Each structure stands twice: as C-alpha cells, then as structure tokens.
Amino acid sequence: MPSETGVKTLDMSAMELREINETLQSAAGSNEAFEVTNTRGAHAIAVGLDAPIHVTVKGSTGYYCAGMNKQATIHVKGSVGPGAAENMMSGTVIVDGDASQYAGATGHGGLLVVKGNASSRCGISMKGIDIVVHGNIGHMSAFMAQKGNLVVLGDAGDALGDSLYEARLFVRGSVKSLGADCVEKEMRPEHLKILADLLEKAGADAKPEEFRRYGSARKLYNFNIDHAGDY
Amino acid sequence: MDKTPRTLPRQSWTFSNEVNSEIRRAAETGIYDIRGGGAKRRVPHFDDLLFLGASMSRYPLEGYREKCETGVTLGTRFAKKPIELKIPITIAGMSFGSLSGPAKEALGRGATMAGTSTTTGDGGMTEEERGHSEKLVYQYLPSRYGMNPDDLRRADAIEVVVGQGAKPGGGGMLLGQKITERVAGMRDLPQGIDQRSACRHPDWTGPDDLEIKILELREITKWEKPIYIKVGGARPYYDVALSVKAGADVIVLDGMQGGTAATQDVFIENVGQPTLACIRPAVQALQDLGMHRKVQLVVSGGIRTGADVAKALALGADAVSIGTAALIALGDNDPKWEAEYQALGSTTGAYDDWHEGRDPAGITTQDPELMARLDPVAAGRRLRNYLNVLTLECQTLARACGKSHVHNLEPEDLCALTIEAAAMAQVPLAGTNWIPGKGI
C-alpha cells in the first residue's frame, strides 16, 4: 500500500460518478492510490478497473461496487449493496461491513473478503473467484457455482450450493440445508492447505480443521430422468 | 368373402400420426423432446399481410433509378458511439458451442460484407467472430459464460438478454455431446456435462435493478456502447415500456418463431406470441413514451424474405434480425445432405436435432470432421448474397409504396388477408376498412 501522502481523493459530493470511474479506469501505476469519499450509497463505484492500483472507498455503497475488477485492490470501509465485485477477474476486494445479495456473483478470479455477513446468493454462478465471509451467508449461496472457493466462518442459510458444479464450499458453522446435488465431502490435506491459504489472505482468525467441506455429488451433470425429482 | 363396402381408414385429427409418434417416443424414453429452431406450428405471420402499392393517392419511385435508402443507426439514445448499419437486417445472437467456430466466422464475414452486425451468444466471444465481424454485438446473458470486461470493451454494442422468443421464461441447455474441451474451457465447466444456462440473471431482479446494471455496464465501457435489451414475445407492450425505463438504447423483440439451439419442444410450441402479434404493442409502448425512433426496435422471429423485412418495418420496427434464415443461407438443412438427414431419422427442412452435434452441414456441431464441411469463406459469401437479396426485395416494395427510405413504410401501406392477422397487425382486412378491435 502506498503512503498516505500519495493518496488522491475523489469526493463524490463534488465529482460525478463518470469522472471518478474515468479517473480510476485511467490509472495505471502500481503505486497509485485513491480514496473515494462521500459515497452516500452510490451505485457502480470503482467498476471496470484494470490496473494494480489501491482504492479505498470510505463509506457504504449501492449496487455493483468493484464490478468486473481486474488487478486493483479495493477496500470498502463500510457496507456494500447487491452485486459487489460481481464478475471480478482478478485483484482483491475487501468489505469491512456487510454485503447485500449476490456478492461475488459470477466472479472468475481474485479474492473477495467480507468481514461482516453476506446476504443471499453469495457467490452465485461463481467461476473461479475466492470468497471469504467472516460472518454468515444467506440462502441459495453458491447456486450453480462452477469454480473457485467459498469460505464461510459463520453459518450458511438454506439451500447452500444448489445445483453446484466444481466450486468448493467450506463452512465453519451450521448449514441450514443443502441444495440439490450438494453434499458434504471429505476434507483432505489439499483442501486444508487451500483453506489455510485463503484464511491467511483474508486475515481470518480460524483454523482449517474447524471447517467442513461441501461439493457437488455430480448426479445432475448429465440429465437422467430418474433424478428429475431432485430438482 | 364379405362384400360390404368399407369406409376409408380415418386418421384422428386429435391423435394424428405425429402426435402418436411423440406419445410413443415419450413412453420409450421417459424424457421430453428437445430440439432446435423455433415454433413450427402455423401461426399468423407476415404472409398474411399485403402491401397496397402506389395508386391515385400514392406516388411510386422508379426501381433501379430513384434512391431508396436502407441505412439505420442503432443506439442514438445514450451511447457515445451508436452503430451505423447499411441495411436494416442484423444477425441474431447464436452461441459458439451451439454453432461451430467456422459457422461463427461465416456469419461475421457475411454480415460484414453486407454492412451489418452480428451477435455473440451464450458462451462468450470467440476470435473467429470478433476477427471477422466489423460490428459485433456482445450478449450479456444470465449464465455469464465467458463474460469479461475486455470483451465488453472490444464489442460494438452490448445486448442484455432477458428472454428469447423460442422460450420466454426459459434458460438454455447445451448437451454434453457439444461440450468439447474448448467450449468447456470458455464456460468454466467440466467437459462433457449437460450444461444449463440460467433463466434469470444472477445479480439483478426486475427493471429497477436492470437500470442499475445498465449503469454499471455503461460505466465499465465509458458510455460508448449502445445497450440493447432483448426480450421474448411475451407481453410486448409492458416489456418494451419497462426496457425503456431501464435505460435501453435499443430493444430487440423476438417472437415465438425465433430459433433456439436446444429447448423442449413443448416450450417452443406453447409459450410466447407470434412475431406478428408483438410488433404493434411494442411500437405503441414506444409511441406512448415518446420514444419511437429514439429507442430503436429490432424485430426477430421468422424473418425470411425482403417482404417480411418490409412488413416489419412498416409496422414500426427500425430493423430486423435473422438467425434461422442465416443458418439456412450458410447451408443448414441443404438437400445435398438428404441421405445423412435420413440416416439421422430426419429429412431436409425438418432437421432440428441441433443439440446432438451431428449436423451433416457442419454448422450446429463441434465435431471436427463435420465442422470441416463448412467453408467459412464460401458460406460467408452466401450469407452476403442472401442479405443483399433481402435488402433489394425490401427496397422494391418500399419504392412501390413511394418511399425514399425503407423506414418511411407505414401501417397504412398494408392490408391483411385474415381477420387474425388484421387484429394482430392492426391493419384493415383486405377489401374493408375494418381493423378488428378498432371498431369501424
């Protein structure tokens, strides 16, 4: 992280969203750092970034904060609305507060850390992103999740991992129910290693051995009329 | 021997041979029938409309001498870089995965030579189509397979797919036979599985959310790209009004004859409205909002001829889009493959098992040997020729109605052959001044 002296402030009470995103999207240097202030729940803050820059968002945001991020590190010092870090390709997004629905939806890569709770459909259709939620997650999380890792230090709501593909789900607390084709799986050494690495990156105070792993039973991969009742 | 006269064996209309064959197929397999293409049932269509032509009250233009413009600009509402097309006919979204790489290349080549755009589909953008499409519309679908910001930025427009005419309210499926290593890689899925495409977007619900989603897409692409919203022909008045509200630059409206790569036959034939029935309510919604011609309307689903193009434009569309017809132009269902269609239990013109990946024409397949049958250069030329013919036909009809631009065609240029078509198109029944539902 660059020193505070090099940080450029983008004040949303004085600048238009377009101007702020244009500034961030045009930044290219790895030493560049920005802070976005007076967010007032605005939508689409810091979307489409494509450089290893550091952005601190001071305040809570509306929908799609850090959407489609590549390379950038975006730290939200507040809570985020629906679809935070959706379709992220790479980089890191850290949310100090809570995340609303669809956090990390369809993400292809990078790391999303939610230090509070995440609402329903966290990690829906995720395609390679890693998501670590320090608190709980809501219902239908990891629905049709394809790749990547979802780590939950708290509890998971109903229908976790419904119609799951190859994503790995790690939950430390309780799981209210599993969705179609999602089953508990053996935690092997390679999974403990993945988990330990993610917990460290996310600054999470937990031990890998405290988690249980869930994944796809792969019964629904090819249509079989005898499994139609599982849907 | 009994000499009592017997009546001819009488087949049931209700239990026809076709119906009975489906009952037997269902009983044998225990699964519904899946196929490609659009609705095959007879529904009121553009064939049920006629142009009136010039007369004492209309002055025609001279064919081959007086100009009849065909250009159209899509995306004039908000986008900094609207799309300029030479003809009002675009190529509809069809996925790499459902189609082969050479087929996507051919579509790009043909569209580019004719001065129009082509469209990606589920599964992401391939180099074949980006490289050969001067103007490429990038579909933003519920599955988000292959979706990434780099491709968003190198697209010429973005089409948010809410629905399609073959299956309003339905998602997609691509069976394991077509999930090759390349297709699976682009979709982040295991090879060989039956791949489902979601029916709802994962991170927004309803038009209020969509408005914010569109804001995000515009911010990522610097407000340069036109944003289309594609809807199936379900409730065209409200779907169009809500699309305007959500911030669309362009609305693509796909009637039930619009094709699909693979969907349940029961869905294709029983959900959605005919294309003809969708256009006037859609145009009415735009007019009620003061947005007709400001938000462009692209109509698709069963467009085959220049007459279809001209009639859709006369009813208020700004452009049309073709999918099935484009595939036929490339070589799909060509009689030269009849023996192979027969071997697959089908026949020329009826082959629709595109999901099985065994297309003799090499278009709806990922089989390398079959794919090699399609020469993308020659197929691209065929598509260019076909698009040129559609345009010439449309111009011919427009000139006959005295129009110097195909967009000047209007409902007053039309009459209907059937009461149903008159009611749907809201033009008079031929020989009368009666428009059903409009009184005298």
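Residues numbered from 1 in each chain as written. Chains lettered and ligands numbered in written order. Predicted model: local features only at pLDDT ≥ 70, side-chain atom pairs only at ≥ 80, totals over all residues.

Next up on the list: the overall build of chain B. Across its full length, chain B carries 15 helices and 16 strands. At 22 Å, chain B has a C-alpha radius of gyration in line with the 22 Å of a compact globule built from 440 residues. Across its three principal directions, the C-alpha atoms of chain B cover 70 × 70 × 45 Å. A sequence separation of at least 24 residues applies to 66% of the contacts in chain B between residues at least 6 apart. (Helix = DSSP H or I, 4+ residues; strand = E, 2+ residues; numbered from the N terminus. Rg over C-alpha atoms; globule rule 2.2 N^0.38 Å. Contact = placed C-beta atoms within 7 Å.)

The next subject is the overall build of chain A. When helices and strands are tallied, chain A shows two helices and 11 strands. Listed N to C, the secondary structure of chain A is β-α-β-β-β-β-β-β-β-β-β-α-β in terms of helices and strands. Whereas a compact globule of 231 residues would reach a radius of gyration of roughly 17 Å, chain A reaches 18 Å, a difference of no more than 12%. For chain A, the spread of C-alpha atoms along the three principal axes comes to 60 × 35 × 25 Å. Considering only contacts within chain A whose residues lie at least 6 apart along the sequence, 24% involve residues at least 24 apart.

Let's shift gears to the UniProt feature "domain: Glutamate synthase" (unreviewed entry) in chain B. Residue and element names in this part refer to chain B. The feature "domain: Glutamate synthase" (unreviewed entry), as annotated in UniProt, sits at residues 76-331 and 355-403 in this numbering. Between the C-alpha atoms that bound residues 76-331 there is a distance of 35 Å. The span itself is 37% helix and 18% strand. For residues 355-403, the helix share is 59%, the strand share is 0%, and the end-to-end C-alpha distance is 43 Å. (UniProt positions renumbered as here; feature names shortened; annotations may be inferred.)

Next up on the list: the interface of chain B and chain A. The interface is formed by 21 residues belonging to chain B together with 36 residues belonging to chain A. With five residues, helix H6 (residues 206-220) of chain B is the largest single contributor of residues to the side of chain B that touches chain A. Each residue belonging to the side of chain B that touches chain A can be placed in one class, and the counts come to 12 nonpolar, three polar and six charged. (Nonpolar A, V, L, I, M, F, W, Y, C, P; charged D, E, K, R; others polar.)

All names here are of chain A. In the sheet, strand E2 (residues 33-37) pairs with strand E3 (residues 54-58) via four bridges, with the strands oriented parallel. Residue glutamate 35 lies in a different strand from E3, and its bridge partner there is threonine 56. Bridge count between E3 and strand E4 (residues 73-77): five bridges; the pairing is parallel. Pairing of threonine 56 across the sheet is with histidine 75, part of E4. (Pairing = 2+ DSSP bridges.)

A rise of 1.5 Å per residue sets the reference length of H6(B), with its 15 residues, at 21 Å; its end C-alpha atoms lie 21 Å apart and thus fit the reference within 8%. For H6(B), the complete set of buried residues consists of Leu210(B), Ile212(B), Lys213(B), Ile214(B), Leu215(B), Glu216(B), Leu217(B), Arg218(B), Glu219(B) and Ile220(B). Against helix H1 (17-26) of chain A together with helix H4 (149-154), strand E8 (157-161), strand E11 (227-232) and helix H7 (236-246) of chain B lie the buried residues of H6(B). At the exit of H6(B) stands Lys222(B), carrying a positive phi of roughly 60°. (Expected span 1.5 Å × (residues − 1). Buried ≥ 20, exposed ≤ 12 C-beta atoms within 10 Å, placed from the backbone.)

Attention shifts here to the sheet that holds strand E6 (residues 111-114) of chain A. All names here are of chain A. If you trace the 11 strands from one edge of the open sheet to the other, you get E1-E2-E3-E4-E5-E6-E7-E8-E9-E11-E10, paired in mixed fashion. In this open sheet, the two strands that pair with only one neighbour each are strand E1 (7-11) and strand E10 (182-185). This sheet shows a mean twist of 15° between the axes of neighbouring strands, independent of strand direction. Pairing analysis gives four bridges linking E10 to strand E11 (residues 212-216), with the strands arranged antiparallel. What sits directly across from valine 183, in E11, is glycine 215. The strands that helix H2 (residues 189-201) touches are E6, strand E7 (127-133), strand E8 (147-152), strand E9 (168-171) and E11; relative to E8, the one it contacts most, it runs at about 65°. (Axes fitted to C-alpha atoms, helices over the stretch in contact; angles between N-to-C directions.)

All names here are of chain B. Of all nine residues in helix H10 (residues 306-314), eight are buried; the element is thus mostly enclosed. Within H10, burial applies to Gly306, Asp308, Val309, Ala310, Lys311, Ala312, Leu313 and Ala314. Positioned one or two residues after H10, glycine 316 has a phi angle of 120°, which is positive.

Another aspect to go through is the packing of H10(B) against helix H14 (residues 376-400) of chain B. Residue and element names in this part refer to chain B. Axis separation between H10 and H14 bottoms out at 7 Å; the angle between their running directions is 55°. Viewed along their axes, H10 and H14 adopt a mutual orientation that is oblique. As for how H10 packs across H14, the hand of that crossing is right-handed. On H14, the residues touching Gly306, Ala307, Val309 and Ala310 of H10 are Val389, Leu390, Thr391, Leu392, Glu393, Cys394, Leu397 and Ala398. Broken down by class, the residue content of the contact of H10 with H14 amounts to nine nonpolar, two polar and one charged. (Parallel < 35°, antiparallel > 145°, perpendicular 65-115°, else oblique. Left-handed = near helix turned anticlockwise from the far one by under 90°.)

Residue and element names in this part refer to chain B. Ordered by their spatial adjacency, eight strands build an open sheet running E5-E15-E14-E12-E11-E8-E7-E6, and the pairing between neighbours is parallel. The sheet is open, and its two edges are formed by strand E5 (89-91) and strand E6 (118-119), each paired on a single side. With three bridges joining them, E5 and strand E15 (residues 319-322) adopt parallel strand pairing. Across the sheet, residue isoleucine 91 finds its bridge partner in E15, namely isoleucine 322. Along the sheet face, helix H9 (residues 275-288) touches strand E12 (250-254) and strand E14 (296-300) and points at about 175° away from the line of E14.

What follows deals with the environment of Val19(B). Residues and elements named next belong to chain B. For valine 19, the position within the fold is in helix H1 (residues 17-29). Judged by local crowding, valine 19 falls into the exposed class, with 12 C-beta atoms found within 10 Å. As a C-alpha pair, valine 19 and phenylalanine 96 span 77 residues in sequence and 33 Å in three-dimensional space.

The next point concerns the environment of Met88(A). Residue and element names in this part refer to chain A. You can see methionine 88 is positioned in the loop between E4 and strand E5 (92-95). Residue methionine 88 is classed as buried on the basis of its 32 C-beta neighbours within 10 Å. Put simply, methionine 88 and alanine 217 are 129 residues apart on the chain and 27 Å apart in space, counted from C-alpha to C-alpha. Every residue in contact with methionine 88, bar those within four places of it in the chain, is listed here: Ala66, Met68, Asn69, Val93, Gly104, Gly107, His108, Gly109, Gly110, Leu112 and Ile129.

Residue and element names in this part refer to chain A. Burial analysis of E11 places four of its five residues in the buried class, the great majority of the element. Strand direction decides the pairing type here: E9 and E11, joined by three bridges, are antiparallel. Across the sheet, residue phenylalanine 170 finds its bridge partner in E11, namely arginine 213.

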